[in-house]
Amino acid sequence: MHSDNEALDAERLLTAAIDGRLPDERGRFGPFGGRYIPETLVPAFERLEAGVKKYLHDEEFQREFRNELVDWVGRPTALTHAPTLSARWGCDVWLKREDLAHTGAHKINNAIGQALLAKRLGARHIIAETGAGQHGVASAAACARVGLPCTVYMGAVDMERQSPNVDRMRRLGADVVAVTSGDATLRAAIDEAMRAWVSDPDGIYYLLGSAVGPHPYPWLVRELQSVIGREAREQMLARAGALPDAVFACVGGGSNAIGLFYPLLADKDTLLIGVEAGGRGSGLGDNSATLATGKPGVLQGSYTMILQDNDGQVQETHSISAGLDYSGVGPEHALLQAVGRVSYIMATDSEALEALSELCETEGILTALETAHAFAAAKKWAGKNPGKRILIGNSGRGDKDMPTLTQYPVGVSQHAAS
Ligand SMILES: *Cc1c(COP(=O)(O)O)cnc(C)c1O
């Protein structure tokens, strides 16, 4: 029977994922992933793939990476118990504090890892794209650290929303290029960076910021970000004496979520829940909930879940947080959804704002608007599952969101949420 075949396939694919056999040699996570790119980009991607295979699991590279994570990034990041939230929600709540990592979010793990890789590959110049500006800041910092010049492509709309980060990138020595084509947000910035890469595939290293795009990026970024989940798993066992019943992480491209989830895939008693931006609601164009509301298709070189209309046109997205405002998602998440290991749900703009305020007031942590979506979903879940142990990936800090947050004065967020 069709459904039986599907079920069998799902089990086999999940086992392959848990055993570290995905992506396969074609860069696929089951049906998802792969590499759909123009002929002009093929040599650049082949060089990159060969480089990743050669260095990523090389002992010396790993030692260098680990040293930078400890010495410069400030790892391991804390696991913080949240007693006031726990009392209010009726669950035992723990936070994995990526906001404490250098430059204020998980993105630095990937940026420094790829910058070190670029050096090994003999690159002379690093380019990157950025949405919220967090990856641009992380890339600029990592490039300064390894001594390579950096150009960051950023959508003009995002530059306005995230102006403090534009200044930070420039301070860190990066050249920031405004992208006005397409939607003038992250998707257009990625296209522009790919175009720039073609102009000098030998000299340029393209430092992609999330677990998206053509093979090998989803794999490379997952490997670099898995430090989050490895630390969190160990810290939960040491501090709470047990693994969490449920783990929540926000999903834009999916890098902080896959980093947290991947080392927990085999722990099947632990529910894994990815939280996407529900924006203004469930209508097409009102959110960026790719997995919760999208369909499979090819976007930016990868077969994954995407937001598209009935004619297959990629849809404009909306989210209050620039970092979640993307019409695609990493292909490994598409697989984990298809095989039923991870559920993907949404939280709206106003739910995220309300959760952000609650976390500020109860635990003294100003979290990023992206991250606030995970808190909003966790709170709802806690309401239906009293007494459980919850781990939330606190992917970044909210200082960068002050220009947005000042439009929602303190005490008014509750009102905006209704
Ligand atoms: C960029 C960003 C995200 C979204 O990116 P992912 O690749 O999905 O992790 C989430 N949280 C913060 C704080 C970010 O800066």
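Residues numbered from 1 in each chain as written. Predicted model: local features only at pLDDT ≥ 70, side-chain atom pairs only at ≥ 80, totals over all residues. Heavy atoms only, no water.

Trainee: Could you give me a rundown of the packing of helix α5 (residues 107–120) against helix α10 (residues 217–225), with the residues and numbers involved?
Mentor: Interaxial distance between α5 and α10 falls to 8 Å at its minimum, and their mutual angle equals 115°. Overall, the two elements α5 and α10 adopt an arrangement that is roughly perpendicular. You can see that α5 and α10 cross each other, and the crossing is right-handed. Along the contact surface, α5 presents Lys107, Asn109, Asn110, Gly113, Gln114 and Leu117, while α10 presents Tyr217, Leu220, Val221, Leu224 and Gln225. Of the residues that constitute the contact of α5 with α10, the class distribution is five nonpolar, five polar and one charged. (Axes fitted to C-alpha atoms, helices over the stretch in contact; angles between N-to-C directions. Helix = DSSP H or I, 4+ residues; strand = E, 2+ residues; numbered from the N terminus. Parallel < 35°, antiparallel > 145°, perpendicular 65-115°, else oblique. Left-handed = near helix turned anticlockwise from the far one by under 90°. Contact = heavy atoms within 4.5 Å. Nonpolar A, V, L, I, M, F, W, Y, C, P; charged D, E, K, R; others polar.)

Trainee: So what's going on with the packing of helix α3 (residues 59–73) against α5? Residues and values would help.
Mentor: As a packed pair, α3 and α5 sit with axes 10 Å apart at the nearest point and diverge in direction by 135°. In terms of their interaxial angle, α3 and α5 are classed as oblique. The handedness of the crossing between α3 and α5 comes out as right-handed. Within the contact between the two elements, α3 uses Glu60, Phe61, Glu64, Phe65, Glu68, Leu69, Trp72 and Val73 and α5 uses Ile108, Asn109, Ile112, Gly113, Leu116, Leu117 and Arg120. Split by residue class, the contact of α3 with α5 holds nine nonpolar, two polar and four charged.

Trainee: Break down the sheet that holds strand β6 (residues 150–155) for me, with residues and values.
Mentor: Pairing is parallel in the open sheet, where four strands are placed in the order β7-β6-β5-β8. Only two strands of the sheet have a single partner each, and these edge strands are β7 (175–179) and β8 (204–207). Adjacent strand axes in the sheet meet at a mean angle of 25°, parallel and antiparallel pairs treated alike. Along the sheet, helix α6 (residues 134–146) makes contact with β5 (125–130), β6 and β8, crossing β5 at roughly 165°. (Pairing = 2+ DSSP bridges.)

Trainee: Talk me through the site of the ligand; I want residue IDs and the actual numbers.
Mentor: Near the ligand lie 17 residues; those nearest to it are Lys107, Ser210, Gly252, Gly254 and Ser255. In the environment of the ligand, an oxygen atom lies 3.1 Å from a nitrogen or oxygen atom belonging to the backbone of Gly253. In isolation the ligand offers 380 Å² of accessible surface; the protein chains occlude 98% of this area. Put simply, the ligand lies in the largest cavity. When residues of the shell around the ligand are traced back to their parent elements, those giving at least two are α12 (255–261) and α16 (369–384). Tallied by class, the residues present in the shell around the ligand amount to three nonpolar, 12 polar and two charged. Both domain 1 (27–69 + 107–221) and domain 2 (75–105 + 226–417) contribute no fewer than three residues apiece to the shell around the ligand. (Near = heavy atom within 4 Å. Polar contact = N/O pair within 3.5 Å; in protein donor to acceptor, adjacent residues only side chain to side chain. Areas by Shrake-Rupley, 256 points an atom, 1.4 Å probe, with all protein chains shown as cover. 1 Å grid on protein atoms, 1.4 Å probe; cavity = no way out; pocket = protein on both sides within 12 Å on 5 of 7 lines; lining within 4 Å. Sits in = over half its atoms within 2 Å of the grid points. Domains from an automatic or database assignment.)

Trainee: Tell me what's going on with the pattern of salt bridges, and back it up with residues and numbers.
Mentor: For side chains of opposite charge, pairing can occur when their charged atoms come near one another. A complete count under the given rule lists 28 salt bridges for this structure. Glu64 is the partner of Arg120 in a salt bridge, and the nearest nitrogen-oxygen pair spans 2.5 Å. Of the two residues, Arg120 sits in helix α5 while Glu64 sits in helix α3, which places them 56 residues apart along the sequence. Residue classification places Arg120 among the partly exposed residues on the basis of a relative accessible area of 26%. With relative accessibility at 30%, the residue Glu64 sits in the partly exposed group. A salt bridge links Lys379 to Glu358; the nearest nitrogen and oxygen atoms lie 3.0 Å apart. Pair noted here: Lys379 is in helix α16 and Glu358 is in helix α15 (residues 349–363), with a separation of 21 residues, a long-range link. One salt-bridge network, held together by shared partners, links Asp58, Glu60, Glu64 and Arg120. (Salt bridge = Lys/Arg side-chain N within 4 Å of Asp/Glu carboxyl O. Buried < 20%, exposed > 50% of the residue type's maximum accessible area, 1.4 Å probe, protein only.)

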